[in-house]
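# Understanding the architecture of this molecule
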Amino acid sequence: MAAVDRLYAKRRFKNMLALTLAWTATAFGLFWLVWILWTTVTMGIAHLDWALFTKMTPPPGDSGGLLNAFFGSAMMSLLAIAMGTPIGIAAGTFLAEYVNHSKIGTVIRFVNDILLSAPSIVLGLFVYTLVVKTMGHFSALAGAIALGFIVLPVVVRTTDEMLRLVPSQMREAALSLGVPQWKVTTQILYRASMSGILTGVLLALARISGETAPLLFTALNNQYWSTNILQPMANVPVVIFQYAMSPYDAWQSLAWAGAFIVTMFVLLLSLFARLVLLRNRVGND
Amino acid sequence: MSNGNSISADSMTGMLIEHRTSNSNGADRLFRWTVTAAGIFVLVSLSAAALSMLWGGREAFQTFGWKFFTTTDWDPVQHKFGALVAIYGTLVTALIAMIIAVPVSLGIAIFLTEAAPRWMRTPIASAIELLAGIPSIIYGMWGLFVLAPKLSENIYPWINDHLGKLPLAGPLFTGPPLGLGMLSAGLVLGIMVIPFISSVMREVFLTVPARLKESAYALGSTTWEVVWDVVLPYTRSAVIGGIFLGLGRALGETMAVTFVLGNAHELSASLLMPGNSIAATIANEFTEADSSVYLSSLIALGFVLFIVTFIVLAIAKLMLMRLQRREGK
């Protein structure tokens, strides 16, 4: 009897220990989250002022703003979305509607998943050899293409998944009425999965907004206001990188302010993306 | 006459229908071609990325041959480049990251699926996922300006005094407490990959059929026994897949590591010393590369990183697919 009691006590102790460790692990994860966000918010707000949105990036040691960098980031992100989204939706359609259960479908999904988690610096180098070397100089266009390659796999994956969630009865009903496949896809399936695909695009936008590494080799940076996409263009992440690594106080302050804006933008965007998906799900029920 | 008329009307409708079908046939074919081309584009872009970097790095591979992987020189002045320091730094920081992230992620996944009260699960899961949304450059800045000073003042002197005296592992933990270096980079990387690994683990834990867990509970198992003897064996391959997914992230992460690694091209036994990684070397030096062999060496480094992460991610994907296949059956 005593042996059984001991065994029971040992099992309960093990269980207690494991659960305590699970609580500790979660607290450990949340601790860093709170610390990092706290740093970003306090340092960011301390250096926030209107000049940030009205002045250009300053020369070394001077104060100024990030207007040209915000503009460049917005421009390149929109271009990247404009390039990545149509190709991504088309490829996702191919996967879900044409080769869903075939070998080629499995292979493309495999490759797409690798592209999805591939280091962004590698994609930057790829676009460098592809575009920058061919053109002979850095350009915002090359930056947008590099970001486009990050958008692409995200959109492919969400489109594929969302289309496969559409009940097959919908397809069968439309096809049996004699509606051609392309019309079924564009007018019925896309409508049914619209909010899901939109979520994917928003999440992709959130992902490229803070992306730095690929822009180092493609868009580079520009201290001045530029709207020419064939020339180097300022962008927030690279400016943050350069300014944070610099020894000048004014530059470091700008880097913190920029970091704060980018983080808030990214977090709010991913929150909004989730809400879009959630609202639709509730609406369907 | 009326007969002829009706025939012509019939043939008219026939032609009309034929016209419409051939028209939509054409549109169908065009649509099919377009989406197929996009699918092929995805397929091709990955191999194009690999080939373009192999092409860009050919000068380095030709000049240095296998020595590129075995030498530690990194001398832009004499045009001598070896990748060993960067490869070593990449592997060591990723390893430290995994040592931190894997147990913590497992704990978080157990917490979120078994241990926590139900009302806590969704909010905490979303909070942990917030960590994944923070741009990596923010981790880098925080690591450089906030974490590194704290480590060098409080933690590293203690590590020096206590762990530095260990018989075998001692040299790993001795060195000036700079705050920047392999251990700091590994820690930041570990924090960064926790949300990736824990969300995969949590998702696959949720796929374990409730009747399996309920049977174990009905036999009197404790929560820990259910996790260890039922949940983990059922999801083993996917859990390993999730860990490899995190490893892939850790190997290729650039900005965070660039900030905290210290950018030193020296091989040192101590984890407290600054080092370098493949991604950090490329990010730091790409715009400064002034000779073609320098540039080519950096692109060759990128090629090496690509191949390593490709293998790791492929293993991850195959492991994750194994659970899906069983689920499908």
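The structure presented is a predicted model; accordingly, all values stated were derived computationally and were not measured.

## Observations concerning the overall build of chain A
When helices and strands are tallied, chain A shows 12 helices and zero strands. Secondary structure of chain A in N-to-C order comes out as α-α-α-α-α-α-α-α-α-α-α-α. The globule rule puts the C-alpha radius of gyration for 285 residues at 19 Å, and the 24 Å found for chain A is more than 25% above it. Across its three principal directions, the C-alpha atoms of chain A cover 75 × 75 × 35 Å. When each of the 285 residues of chain A is scored for burial, the buried share is 55%. Approximately 13200 Å² of chain A is accessible, and the part contributed by carbon and sulfur atoms is 69%. Here chain A carries 18 positive and 11 negative side-chain charges, and the mean point of each set is 10 Å from the other.

## Concerning the overall build of chain B
The secondary structure content of chain B amounts to 12 helices and two strands. Listing each helix as α and each strand as β along chain B from the N terminus yields α-α-α-β-β-α-α-α-α-α-α-α-α-α. Expected size for 329 residues packed as a compact globule is a radius of gyration near 20 Å; at 28 Å, chain B overshoots this value by more than 25%. Per-residue burial over chain B gives 53% buried out of 329 residues. Of the accessible surface of chain B, which amounts to about 15300 Å², a share of 65% is contributed by carbon and sulfur atoms.

## Some details on the interface of chain A and chain B
Contact with chain A, which involves 76 residues of that partner, is made by 82 residues of chain B. Counting every contact that joins chain A to chain B gives three salt bridges. The residue A:R11 makes a salt bridge to B:E225 at a minimum N-O spacing of 2.7 Å. Viewed at the interface, chain B and chain A are joined by nine residue pairs in polar contact (both at pLDDT 80 or more). For the side of chain A that touches chain B, the leading source of residues is helix α1 (residues 2-46) of chain A, giving 19 residues. Split into classes, the residues belonging to the side of chain A that touches chain B amount to 53 nonpolar, 17 polar and six charged.

## A look at the confidence of the model for chain B
Residues and elements named next belong to chain B. Averaged over all residues, the pLDDT of chain B equals 86, while 92% of them reach at least 70. Mean pLDDT across the secondary structure elements of chain B bottoms out at helix α1 (residues 2-56), with 77, and peaks at helix α4 (residues 84-115), with 94. Under the prediction, the complex receives an ipTM of 0.90, its pTM being 0.89.

## Focus: a nonpolar patch on the surface
On the surface, B:I307, B:F310, B:I311 and B:I315 cluster together to form a nonpolar patch covering roughly 300 Å² of accessible area. According to the relative accessible area criterion, B:I315 is partly exposed, its value standing at 32%.

## Quick notes on the pattern of salt bridges
Considering all chains together, one arrives at nine salt bridges over all chains under this definition. Bridged by salt links that share partners, the residues A:D113, A:R157, A:E161 and B:K317 form one connected network.

## Comments concerning the nonpolar core
When a protein is soluble and globular, its nonpolar side chains tend to lie buried together. By size, the foremost hydrophobic cluster in this structure holds 200 residues, and its most contacted members are A:I121, B:F68, B:Y139, B:W142, B:F286 and B:L301. Ranked by residue count, the leading element in this core is helix α12 (residues 292-328) of chain B, at 17 residues. Beyond its immediate stretch of four places on either side in the chain, B:Y139 contacts A:I36, B:L131, B:I134, B:V188, B:I191, B:M192 and B:A256.

## Topic: the packing of α4(B) against helix α9 (residues 223-252) of chain B
Each packed pair of helices is defined by two parameters, the angle between the axes and the distance between the axes. Residues and elements named next belong to chain B. Where α4 meets α9, the closest approach of the two axes is 10 Å, and the angle between their N-to-C directions is 145°. In the crossing of α4 with α9, the sense of the turn from one axis to the other is right-handed. Together, T90, L91, A94, A97, M98, V102, L106, I110 and E114 of α4 and T223, W224, V227, V231, L232, I243, G246, L247, A250 and L251 of α9 make up the contact between the two elements. Broken down by class, the residue content of the contact of α4 with α9 amounts to 15 nonpolar, three polar and one charged.

## Describing the environment of A:V131
Residues and elements named next belong to chain A. Within the secondary structure, V131 is located in helix α5 (residues 120-135). Spatially, the C-alpha atoms of V131 and M264 are 32 Å apart, while their sequence positions differ by 133 residues. In contact with V131, not counting residues within four places along its chain, are A142 and I145.

## A short note on the side chain of A:S73
Examined against the element boundaries, A:S73 turns out to sit in helix α3 (residues 67-98). Aside from chain neighbours lying at most four places away, what touches A:S73 is A:A234, A:N235, A:V236 and A:P237.

## Examining the side chain of A:N222
All names here are of chain A. The residue N222 is located in the loop between α10 (213-216) and α11 (236-244) in this model. On the basis of relative accessible area, N222 is assigned to the buried category, the value being 18%. In this structure the side chain of N222 is engaged in a polar contact, spanning 3.0 Å, whose partner is the backbone nitrogen of Y224. Polar contacts involving the side chain of N222 include one to the main-chain carbonyl oxygen of P232, which spans 3.0 Å.

## Some details on the packing of α3(A) against helix α8 (residues 181-192) of chain A
All names here are of chain A. Running from amino to carboxyl end, α3 crosses α8 at an angle of 110°, the nearest separation of the two axes being 12 Å. It follows from the interaxial angle that α3 and α8 lie roughly perpendicular. Two secondary-structure elements touch here, α3 through I89, T93, E97 and Y98 and α8 through Q181, T185, L189 and Y190. When its residues are assigned to classes, the contact of α3 with α8 shows four nonpolar, three polar and one charged.

## Thoughts on the environment of B:A132
Residues and elements named next belong to chain B. Mapped onto the secondary structure, A132 falls in helix α5 (residues 118-133). Between the alpha carbons of A132 and M192 there is a distance of 6.8 Å; along the sequence they are 60 residues apart. Among residues more than four places away in sequence, those in contact with A132 are P195 and F196.

## So, the environment of B:A101
All names here are of chain B. The residue A101 is located in helix α4 in this model. Given a relative accessible area of 0%, A101 falls into the buried group. Linking A101 and S198, residues 97 residues apart in sequence, is a C-alpha distance of 8.7 Å.

## Observations concerning the packing of aromatic side chains
Scanning the entire structure with this criterion turns up 32 aromatic pairs over all chains. Ring centres 5.9 Å apart and planes at 80° place the aromatic pair A:W32 and B:W142 in the edge-to-face group. Here the residue A:W32 occupies a position in helix α1, and B:W142 occupies one in helix α6 (residues 136-162), the pair thus bridging two chains. For the pair A:W32 and B:W142, one class covers both residues: buried. In this structure, B:R58 is placed above the aromatic ring of B:W55, and the distance from its NZ or CZ to the ring centre is 3.8 Å.

Thresholds, definitions, all that
Residues numbered from 1 in each chain as written. Chains lettered and ligands numbered in written order. Predicted model: local features only at pLDDT ≥ 70, side-chain atom pairs only at ≥ 80, totals over all residues. Heavy atoms only, no water. Helix = DSSP H or I, 4+ residues; strand = E, 2+ residues; numbered from the N terminus. Rg over C-alpha atoms; globule rule 2.2 N^0.38 Å. Buried < 20%, exposed > 50% of the residue type's maximum accessible area, 1.4 Å probe, protein only. Areas by Shrake-Rupley, 256 points an atom, 1.4 Å probe, with all protein chains shown as cover. Lys, Arg positive; Asp, Glu negative; His and termini not counted. Charge placed at Lys NZ, Arg CZ, Asp CG, Glu CD. Contact = heavy atoms within 4.5 Å. Salt bridge = Lys/Arg side-chain N within 4 Å of Asp/Glu carboxyl O. Polar contact = N/O pair within 3.5 Å; in protein donor to acceptor, adjacent residues only side chain to side chain. Nonpolar A, V, L, I, M, F, W, Y, C, P; charged D, E, K, R; others polar. pLDDT = per-residue confidence, 0-100. Patch = residues over 30% accessible without salt bridge, like charges linked within 9 Å, V, L, I, M, F, W, Y side chains within 5 Å. Core = buried A, V, L, I, M, F, W, Y, C linked by side-chain atoms within 4.5 Å. Axes fitted to C-alpha atoms, helices over the stretch in contact; angles between N-to-C directions. Left-handed = near helix turned anticlockwise from the far one by under 90°. Parallel < 35°, antiparallel > 145°, perpendicular 65-115°, else oblique. Phe/Tyr/Trp six-rings, centres within 6.5 Å; stacked < 30°, edge-to-face > 60°. Lys NZ or Arg CZ within 6 Å of the ring centre and 35° of its normal.

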